[in-house]
Amino acid sequence: MMDTLAFLEEDLTCLICCDIFTEPVTLKCGHSLCEECLRIFWTTQDAPQCPVCRKTCSQDEPTKSLVLRGLCESFKKRKLTAVLSGDVCPEHKEALKLFCLDDQQPICVVCYTSKKHENHKCSPVDEAAGNLKEDLKMQMDRYQATLADLKKAHESCVKQTGLNKEHASMTENQIKKEFEKLHRFLRDEEEKHIRSFRGEMEPQDEKLKSVMKELSKQISDLSENMAAIWQDIEAENITFLQNYSNTLKRFQHPSVPNTTPLLQEYERYPTQTVIFTTWARMQNLVEQLICVSSPVTLDPDTASNKLLVSEDCTSVQYVEMKLDVSDNPERLYGGVLASQGFSSGLHCWDVEVGDNNNWTLGVMGEKVNRKKLCKMDPKNSFWCFRNVDGIYKKGTKKVSDIDGNERPNIIRLQLDFSEGELRFIDPFRNKILCNYTGGFTEKVFPYFCTKDKDKPLSLFPENKLNQN
């Protein structure tokens, strides 16, 4: 037993303190050490690295090894027992040659014959140890496989984190770029209206300045005349009487203004009108930024033999007579797909349904069997919204909260592949008509189908929608 413990002790010894592990931790390189020993060692290093192989460690290392800690604690107990007992039964002083499988402990022959272990299943020590070691090795193999899976998952998370940072940076730059256009527009509008306001105020200011200048001159003349009159009044009586006729002349021709300007009430600049006009123009700018054209086009090679796709691939119409088309692998049993498929990101497209009373819109998985009629269910990778003779349905289930008097003319589909969500929206009322959540397991393609021969379905350019 002591020889076995000595062999196991080599595997459970820290290479720094040369003692049995205390709170063992494991590095990605596979080496294990005491947590405190590794911490002290790293304080002497410029960068954390493995003391054994010198491999640089990452920030999320080390990880505590609960399995190894359990083995160390078990080993210490077994070693203490071996030292105290000397591989001898403490009760009968006989060699421990058997292992009781029921009580999970080594026993001597006397113990085996005693009532304490009566009817217990026992095996020779070497045989039991060999079997139990094999069991532990199998468990360790499973632990090792689990550890490998965890490391693989961790590496995948690290990689995804890097991709997320890259995508976030690109998105932030795009947001800043688009908002800078809005900021520049508002700055230009602000400067333009301030110049216009100042241009309107300048003539009034010039007119008032001219009037003020004339009034200042008249005030000065009148003040001088009044001073002269006061001087005549204060003169000696003989002198006053001698100049009296001239003094009267000053009153007869006073230098006073012929007209006095009336104070006009300040007419407020039409700020609210300016704000409204700017808002309207800004709305047009926003529409120009986000609305260019329909983001999808139809793929004629996928259209069933009863659907006719227009030459510009933007509309589809139902025909009663089957079309003479090749039965290529891409062609659907019913419906037509878009040329573009999506496996990530956020996407939006508008479909004009008008008075069409029998249509189906949605997305379909890339791996769906196109030669059979696909069941309208997300479990079959088919997410759709339908109008069947005026009744709206989510797949095969009726949608009851749609007012028949406000039937949508345009259906907007919003696909958020990353969030696993598909919405069907009435853009004019900004109302969600139907919504799917739960995620997508494969690449999906926009799907279209109509059975109304008089009313085609048309991909509706968003810039046209926003001009209406």
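Note: the structure precedes this text.
Everything quoted here is computed from the prediction, not taken from an experiment. Numbering of residues starts from 1 in each chain and follows the order in which that chain's sequence is written. Residues qualify for local features only when their pLDDT is at least 70, as the model is predicted, and side-chain atom pairs are given and counted only at 80 or more; totals for whole chains, interfaces and linings, by contrast, use all residues. Only heavy atoms go into the side-chain values, all of them from the structure, while hydrogens and water stay out.

*Asks:* Before we go on, may I ask you to explain the sheet that holds strand β11 (residues 358–365) in this structure?
*Replies:* If you trace the 6 strands from one edge of the open sheet to the other, you get β9-β18-β11-β12-β13-β14, paired in antiparallel fashion. The sheet is open, and its two borders are formed by β9 (336–337) and β14 (397–398), each paired with just one other strand. Pairing of strand β13 (residues 391–394) with β14, which is carried by 2 bridges, proceeds in the antiparallel orientation. When the sheet's bridge partners are listed, Lys 394 is paired in β14 with Lys 397. Only when DSSP finds a minimum of two bridges between them are two strands counted as paired. What counts as a helix is a DSSP run of H or I of at least four residues, what counts as a strand is a run of E of at least two, and both are numbered from the N terminus.

*Asks:* Before we go on, may I ask you to explain empty space enclosed by the protein in this structure?
*Replies:* Rolling a probe over the atoms, with the probe sized like a water molecule, indicates the empty space that remains. Cavity: a set of points on a 1 Å grid over the protein atoms alone where a 1.4 Å probe fits but cannot get out. Pocket: an open set with protein on both sides within 12 Å along at least five of seven lines, its lining residues, like those of a cavity, having an atom within 4 Å of a point. Grid points are joined across faces, edges and corners, and a volume is the space filled by probe spheres set on the points. A complete count under the given rule lists 2 cavities of 30 Å³ or more for this structure. For the largest cavity, the calculated volume is near 40 Å³. Around the largest cavity, the lining residues are Glu 23, Pro 24, Lys 64, Ser 65, Leu 66 and Arg 69. Of the pockets and cavities examined, the second largest cavity occupies roughly 30 Å³. If you trace the second largest cavity, you find it lined by Leu 298, Thr 314, Ser 315, Val 316, Val 351, Phe 448, Leu 457, Ser 458 and Leu 459. Elements that contribute at least two residues to the lining of the second largest cavity include exactly β8 (315–318) and β19 (457–459). The element contributing the most residues to the lining of the second largest cavity is β19, with 3 residues. Residues of the lining of the second largest cavity, tallied by class, amount to 6 nonpolar, 3 polar and no charged. Three classes are used: nonpolar for Ala, Val, Leu, Ile, Met, Phe, Trp, Tyr, Cys and Pro, charged for Asp, Glu, Lys and Arg, and polar for all others, with Gly counted as polar.

*Asks:* I tried to follow the pairing of strand β10 (residues 346–352) on my own but got confused; where do I start?
*Replies:* Working note: regular strand, side chains alternate between the two faces of the sheet. The sheet contact formed by β10 and strand β15 (residues 410–416) spans 7 bridges and is antiparallel. Bridged to Cys 348 within β15 is Gln 414. One ladder, built from 2 bridges, connects β10 with β19; its direction is antiparallel. The partner of Val 351 across the bridge, within β19, is Leu 459.

*Asks:* How do you make sense of a positive patch on the surface when you look at a structure like this?
*Replies:* Taken together, Lys 375, Lys 379, Lys 394 and Lys 397 make up a surface patch of like positive charges. Its place among the elements puts Lys 394 in strand β13. For each residue, the accessible area found with a 1.4 Å probe, counting protein chains only, is set against the maximum for its type, and the residue is called buried under 20%, exposed over 50%, and partly exposed in between. By relative accessible area, which is 33% here, Lys 394 ends up partly exposed. Patch membership requires over 30% relative accessible area and the absence of a salt bridge. Like charges are linked within 9 Å, and nonpolar side chains (Val, Leu, Ile, Met, Phe, Trp, Tyr) within 5 Å. Using a 1.4 Å probe, the Shrake-Rupley method yields the accessible areas, and only the shown protein chains count as cover for residues. Salt bridges, as used here, are contacts in which a Lys or Arg side-chain nitrogen is within 4 Å of a carboxyl oxygen on Asp or Glu. Counted charges follow a simple rule, with Lys and Arg positive, Asp and Glu negative, and His plus the chain ends left uncounted. Taken as the charge centre is NZ of Lys, CZ of Arg, CG of Asp or CD of Glu, depending on the residue.

*Asks:* When you look at helix α5 (residues 125–233) in this model, what are you seeing that I'm missing?
*Replies:* Each α-helix winds once per 3.6 residues, and so residues spaced three or four apart point in a common direction. What we call the bend at a residue is the angle made by axes fitted to the seven residues finishing there and the seven residues starting there. Taken as a whole, α5 carries its principal kink of about 25° at Met 201; the proline Pro 203 stands between one and four residues after it. Every buried residue belonging to α5 is among Ala 128, Leu 182, Phe 185, Glu 189, His 193, Gln 218, Asn 225, Ala 228, Ile 229 and Asp 232, and all of these are buried.

*Asks:* Sorry, what's going on with the nonpolar core here?
*Replies:* Nonpolar side chains in soluble globular proteins tend to end up buried together. Within the largest apolar cluster, 36 residues are counted, with the highest numbers of intra-cluster contacts made by Trp 349, Val 351, Leu 361, Phe 385, Phe 424 and Phe 448. Grouping buried Ala, Val, Leu, Ile, Met, Phe, Trp, Tyr and Cys residues that are joined through side-chain atoms within 4.5 Å yields what is termed a nonpolar core. In terms of nonpolar packing, the next biggest core, distinct from the first, is built from 15 residues, Cys 34, Cys 50, Cys 57 and Phe 75 among them.

*Asks:* Help me out: how do you make sense of helix α2 (residues 35–42) in this one?
*Replies:* For α2, the full list of buried residues reads Cys 37, Leu 38 and Phe 41. Looking straight down α2, one finds that the buried residues subtend no more than 95° of arc, so they occupy a single side. The inward-facing, buried residues of α2 abut β1 (24–26) and β2 (32–34). Comment: arc refers to directions from the helix axis out to C-beta atoms. In what follows, a contact means two residues having at least one pair of non-hydrogen atoms within 4.5 Å.

*Asks:* What exactly am I supposed to notice about the layout of surface pockets here?
*Replies:* As a volume, the second largest pocket reaches approximately 990 Å³. Forming the walls of the second largest pocket are 31 residues, and the residues nearest its centre are Thr 26, Ser 32, Ser 65, Gln 144 and Leu 147. Those elements that place two or more of their residues in the lining of the second largest pocket are α1 (2–11), β3 (63–64), α3 (66–85) and α5. Considering every element that reaches the lining of the second largest pocket, the biggest residue donor is α5, with 9 residues.

*Asks:* What is the right way to read a nonpolar patch on the surface from this model?
*Replies:* A cluster of nonpolar residues, Leu 71, Met 140 and Tyr 143, forms a patch on the protein surface that exposes about 280 Å² of accessible area. Tracing the backbone shows Met 140 in helix α5.

*Asks:* Looking at this structure, I do not really get the environment of Thr 113. What am I missing?
*Replies:* With respect to the helices and strands, Thr 113 occurs in helix α4 (residues 109–113). Any pair of nitrogen or oxygen atoms within 3.5 Å is treated as a polar contact; in protein, a donor-acceptor pairing is required on top of that, and neighbouring residues in sequence qualify only through side-chain atoms on both sides. A distance of 2.9 Å separates a polar side-chain atom of Thr 113 from the backbone oxygen of Val 110.

*Asks:* What am I meant to see in the sheet that holds β3 here?
*Replies:* Hydrogen bonds between backbone atoms are what pair the strands of a sheet, whose relative direction is either parallel or antiparallel. Pairing in this open sheet of 3 strands is antiparallel, and the strands run β2-β1-β3 from one edge to the other. Edge strands, defined here as strands with exactly one partner in the open sheet, are β2 and β3. Both β1 and β2 contribute to a ladder of 3 bridges, which runs antiparallel. The residue of β2 that forms the bridge with Thr 26 is Ser 32.

Such coordinate-based values are descriptive only and should not be taken to indicate function.
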